[in-house]
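Understanding the architecture of this molecule
Residue strings, one per chain:
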Amino acid sequence: MITSLKHKLNKLSKELKEGSLEKDDIFEKALEGLLLFFPSSSINLYILDSPTKHFKHIYPLDKHWYFPQKEKEWVLSYFQKQKKRPPTIEDFSFYFEDRSNHPATDLRQLAKDRAVFNSPCNDLLILSLLSEDCSTLGLVTVYNWEDEKNLFEDTKHPQFPKDLFPFLLLVSRALENLDIHQRIENLLSDKKALKQRIQKDEEDLKRRILELTVLYDTSNSLGYSLDYKQIVTLVME
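Just so you know, these numbers come straight off a predicted model, no measurement behind them.

This part is about a nonpolar patch on the surface. Taken together, Ile180, Ile184 and Leu188 make up a surface patch of nonpolar side chains, about 290 Å² in accessible area. With respect to the helices, strands and loops of the structure, Ile180 is situated in helix H5 (residues 164-224).

Shown next as structure tokens:
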């Protein structure tokens, strides 16, 4: 990587490490950094909802490839099998050299892609965004279908830039930090709401006790009073 690109990557890496970035900021910096490695490619980020494994965020939303469920399930299963420490880019990337001949490919989606891009749309690179325990936080797709070019000169043995995987890990850490920050904010919000609810319940309880005390005292007074005027006076009080 030439000096100017290296400088840009270092700047992006520093920004991802420092400060609490919002979701869109992380996505923008991730895309900007990935384009340094794949400058003429189309790149999309798909962030997973942990419990359901559905995509909760897609970036950029206005221009992204439709990720077929069949291919998503296969890739997630593949990355799950690769789960180990320390991870490498080869373990957490998958390169479809020829989608038309791979069993995981959704052939209907491939036909749509070919119609849209007017090209074979054969190769596709999928990268994993890893959590600290090597679970998949999200997926990144990279392709050159508009230019009708393969991503790698040697499609049998693709060579990844050495700084790619460390950059992906920084993106993943930034996403994890954002998630932790949002969870803390939600807990604090829940705590505040619970405190307000308890305070309201205490006030309601005090008011109810006062009402019952007044009724009890009035009841006792009525029980001992035989004078009609006294009863009316007590009730009015």
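Now for the packing of aromatic side chains. Scanning the model with the defined rule gives 18 aromatic pairs in all. Ring plane angle 70° and centroid distance 5.1 Å describe the contact between Tyr78 and Phe94, whose orientation is recorded as edge-to-face. Within this pair, whereas Tyr78 is found in helix H3 (residues 69-81), its partner Phe94 is found in strand E3 (residues 93-96), the two being separated by 16 residues in sequence. A connected cluster of aromatic rings, assembled from ring pairs, spans Tyr46, Phe55, Trp65, Phe67, Phe117, Tyr143 and Trp145. Of note, Lys72 hangs over the ring of Phe55, and the distance from its end group to the ring centre comes to 4.6 Å.

With that out of the way, let us pick up unusual backbone geometry. Note that the residue after Tyr59, namely Pro60, is joined by a cis bond; omega there is -10°. In this model, Cys121 sits at a positive phi of 50°, which is unusual for a non-glycine residue. With respect to the helices, strands and loops of the structure, Cys121 is situated in the loop between helix H4 (107-117) and strand E4 (124-130).

This next bit is on the sheet that holds E4. Overall, antiparallel pairing links the five strands, which are arranged E2-E1-E5-E4-E3 in an open sheet. One side of each edge strand has no neighbouring strand; the edge strands of this open sheet are strand E2 (55-59) and E3. The mean inter-strand angle of the sheet, taken between neighbouring strand axes irrespective of direction, is 20°. As judged from the four bridges shared by E3 and E4, these two strands associate in the antiparallel manner. Residue Ser93 lies in a different strand from E4, and its bridge partner there is Leu127. Contacting strand E1 (42-48), E2 and strand E5 (136-143), helix H2 (residues 23-37) crosses the sheet at an angle of about 140° to E1.

Turning to its location among the elements, Leu139 is positioned in strand E5. Leu139 sits in the buried class, given a relative accessible area of 0%. Taking the C-alpha atoms as reference points, Leu139 and Phe67, 72 residues apart in sequence, are found 10.0 Å from one another. Ignoring anything within four residues of it in the chain, the contact list for Leu139 reads Asn44, Leu45, Tyr46, Phe55, Phe67, Lys72, Val75, Leu76, Phe79, Ile126, Leu127 and Ser128.

The rules we used
- Residues numbered from 1 in each chain as written.
- Predicted model: local features only at pLDDT ≥ 70, side-chain atom pairs only at ≥ 80, totals over all residues.
- Heavy atoms only, no water.
- Patch = residues over 30% accessible without salt bridge, like charges linked within 9 Å, V, L, I, M, F, W, Y side chains within 5 Å.
- Areas by Shrake-Rupley, 256 points an atom, 1.4 Å probe, with all protein chains shown as cover.
- Salt bridge = Lys/Arg side-chain N within 4 Å of Asp/Glu carboxyl O.
- Helix = DSSP H or I, 4+ residues; strand = E, 2+ residues; numbered from the N terminus.
- Phe/Tyr/Trp six-rings, centres within 6.5 Å; stacked < 30°, edge-to-face > 60°.
- Lys NZ or Arg CZ within 6 Å of the ring centre and 35° of its normal.
- Pairing = 2+ DSSP bridges.
- Axes fitted to C-alpha atoms, helices over the stretch in contact; angles between N-to-C directions.
- Contact = heavy atoms within 4.5 Å.
- Buried < 20%, exposed > 50% of the residue type's maximum accessible area, 1.4 Å probe, protein only.

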